[in-house]
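Working through the structure, step by step
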Amino acid sequence: MRTLWKLIILAGMLLVLIIPAYAAESTAAIIQMNVLEIGKGSGSVDLGTPHTWFIRCYMLQESQEYALLQTLSPHLSYREGSLKLSLILEDQTEVPLSMESHYTLTSGTVNTEQGPADRISITLTDAGKQLIRKNIELRLTYEATLKSTAALGEQILGAAQLFCSDKEGNRICVTSQRACIRIGGIRIQ
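Not measured: the values here are computed from a predicted model. (Residues numbered from 1 in each chain as written. Predicted model: local features only at pLDDT ≥ 70, side-chain atom pairs only at ≥ 80, totals over all residues. Heavy atoms only, no water.)

What to know about the overall build of the chain
Note the cut-off: Secondary structure counts use DSSP, requiring at least four H or I residues in a row for a helix and at least two E residues in a row for a strand, with both numbered from the N terminus. We call a residue buried when its accessible area falls under 20% of the maximum for its residue type, exposed when it is over 50%, and partly exposed in between, using a 1.4 Å probe and counting protein chains only.
Each helix and strand in the chain was counted, giving one helix and 16 strands. Within the chain, buried positions represent 38% of all 189 residues.

Quick look at the structure:
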C-alpha cells in the first residue's frame, strides 16, 4: 500500500500525518480476498500444509472483459489442479464453471522483487461472460502451501486484481485488499 505524507504547520509546530492512499473506488466491480475461510482476512498455518485462498468478485455493471490475476508470495507454492471457479447465486447456490468452456487458466512462475513466484491468471471465455450478471459473486478458490523459506512469524500477504471494463468501455483494474497468513509453528523431528 502506498502512503501519502502530508505536512501541516500549526503555530510553529510541525505535525506529520500519515494517510493511506487508496485507488479510486471502481463503479464497475468489487474484489475481495480471504484466506482459510470466507470473511477471514488472516490466519495461521503450518509449513507445508495446504490452505485455501478465496477471491470474490462482484460485478456492479456489465463488462466486456473479465480477467483475474494473482501473483503469489515467493513463500507460497500454488497447488496445481486445486483451482475452482464458480458463481454464487442470490440464494447462495454454487454453480461451478468449467475450464475451457467458461474460462482459461494460465499458471507459471514469474520473477518478482522478492524472487521467483507462482502466478495464476483466469480469463472468462464468451460462454463464461454470458453467465456473469450484476451483483452475482464470481468466486475463485485455490490451495497454496507455505514453503520453508518463510521466517517464523512473518506475514505472507496476498492480493488479487480483476481486469474488467466500465460502462464507457474503458479497461479498468480493481485490486483487492490484502489478506495474510502467518506461520503457526515449526515441526521438530
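Some words on empty space enclosed by the protein
One way to see where empty space is left: roll a probe the size of a water molecule over the atoms. Which entries qualify depends on this criterion: Buriedness for pockets is judged along seven lines, at least five of which must meet protein on both sides within 12 Å for an open set on the 1 Å grid over protein atoms alone, while cavities are sets there where a 1.4 Å probe fits but cannot get out, and lining residues have an atom within 4 Å of a point. Grid points are joined across faces, edges and corners, and a volume is the space filled by probe spheres set on the points. Think of it as three bins: nonpolar holds Ala, Val, Leu, Ile, Met, Phe, Trp, Tyr, Cys and Pro, charged holds Asp, Glu, Lys and Arg, and polar takes everything else, Gly as well.
Summed over the entire model, instances satisfying the criterion amount to one cavity of 30 Å³ or more. Its volume calculated, the largest cavity comes out at about 40 Å³. The set of elements that each furnish at least two residues to the lining of the largest cavity consists of strand E6 (66–71) and strand E11 (115–124). Considering only residue class, the lining of the largest cavity consists of eight nonpolar, no polar and no charged.

So, the sheet that holds strand E14 (residues 161–165)
As a general point, the strands of a sheet are linked pairwise by backbone hydrogen bonds and lie either parallel or antiparallel. The test is simple: Here, any two strands with at least 2 DSSP bridges between them count as paired. Every axis in this analysis is a line fitted to C-alpha atoms, fitted for helices over the stretch in contact. Angles between the N-to-C directions lie between 0 and 180 degrees.
Judged by pairing direction, the sheet is antiparallel, and its five strands sit side by side in the order E10-E11-E6-E14-E15 without closing on themselves. Lying at the two open borders of the sheet, with one neighbouring strand each, are strand E10 (103–112) and strand E15 (171–175). Taking the axes of each pair of neighbouring strands and ignoring which way they run, one obtains an average angle of 20° across the sheet.

Comments concerning the pattern of salt bridges
Selection criterion: Each reported salt bridge corresponds to a side-chain nitrogen of Lys or Arg within 4 Å of a carboxyl oxygen of Asp or Glu.
Applying the stated criterion across every chain, the model contains six salt bridges. Measuring nitrogen to oxygen at the nearest pair gives 2.2 Å for the salt bridge that ties Arg 79 to Glu 143. Remark: Glu 143 occurs in strand E12 (residues 137–146) and Arg 79 occurs in the loop between strand E7 (76–78) and strand E8 (84–88); sequence separation between them is 64 residues. Arg 139 is the partner of Glu 137 in a salt bridge, and the nearest nitrogen-oxygen pair spans 2.7 Å.

A few points about the sheet that holds strand E13 (residues 155–158)
The mixed open sheet is built from three strands, whose spatial order is E4-E16-E13. Sheet topology places strand E4 (42–45) and E13 at the edges, where each strand pairs with a single neighbour. Neighbour to neighbour, the strand axes of the sheet diverge by 25° on average, direction disregarded. In terms of strand pairing, E13 meets strand E16 (residues 179–183) through four bridges, oriented antiparallel. Looking at the pairing, Gln 155 lines up with Arg 182 of E16.

A few points about the confidence of the model for the chain
To keep it simple, the criterion reads: Per residue, pLDDT measures the predictor's confidence, with a range of 0 to 100. Pairs of residues are marked as contacts when any of their non-hydrogen atoms sit within 4.5 Å.
With 83% of its residues at a pLDDT of 70 or more, the chain has an overall mean of 80. Taking the mean pLDDT of every element in the chain, the minimum, 35, falls on strand E1 (residues 3–10) and the maximum, 94, on E8. Here residues 1–25 is modelled with pLDDT under 50, and outside its nearest four sequence neighbours on either side it reaches 27 contacts, counting other chains as well.

Notes on the environment of Val 45
Note on placement: Val 45 falls in strand E4. Given a relative accessible area of 8%, Val 45 falls into the buried group. Between the C-alpha atom of Val 45 and that of Thr 145, which follows or precedes it by 100 residues, the distance is 9.1 Å.

Describing the nonpolar core
For clarity, the cut-off: In this description, a nonpolar core means a group of buried Ala, Val, Leu, Ile, Met, Phe, Trp, Tyr and Cys residues linked to one another through side-chain atoms lying within 4.5 Å.
Core analysis: the largest hydrophobic core is formed by 39 residues, its most contacted members being Trp 53, Ile 55, Leu 68, Leu 138, Leu 140 and Tyr 142. For this core, the element with the highest residue contribution is E12, accounting for five residues. If sequence neighbours within four positions are ignored, Leu 140 has contacts with Trp 53, Phe 54, Ile 55, Leu 68, Leu 83, Lys 84, Leu 85, Ile 120 and Ile 122.

Quick word on the state of the cysteines
A covalent bond between the sulfur atoms of two cysteines is referred to as a disulfide. To keep it simple, the criterion reads: Any two cysteine sulfur atoms lying within 2.5 Å of each other are counted as a disulfide.
Evaluated as defined, the whole model comprises zero disulfides. Here Cys 57 stays free of any disulfide, with the sulfur of Cys 164 as its closest cysteine sulfur at 8.6 Å. Lacking any disulfide linkage, Cys 173 is separated from the closest cysteine sulfur, that of Cys 164, by 8.5 Å.

Let's talk about the environment of Leu 105
Locating Leu 105 in the fold gives a position in strand E10. Since its relative accessible area comes to 23%, Leu 105 is described here as partly exposed. Once the C-alpha coordinates of Leu 105 and Ile 122 are considered, the two residues, 17 residues apart in sequence, prove to be 4.8 Å apart. Once residues within four sequence positions are removed from consideration, Leu 105 is found in contact with Tyr 78, Leu 83, Met 99, Ile 120, Ser 121 and Ile 122.

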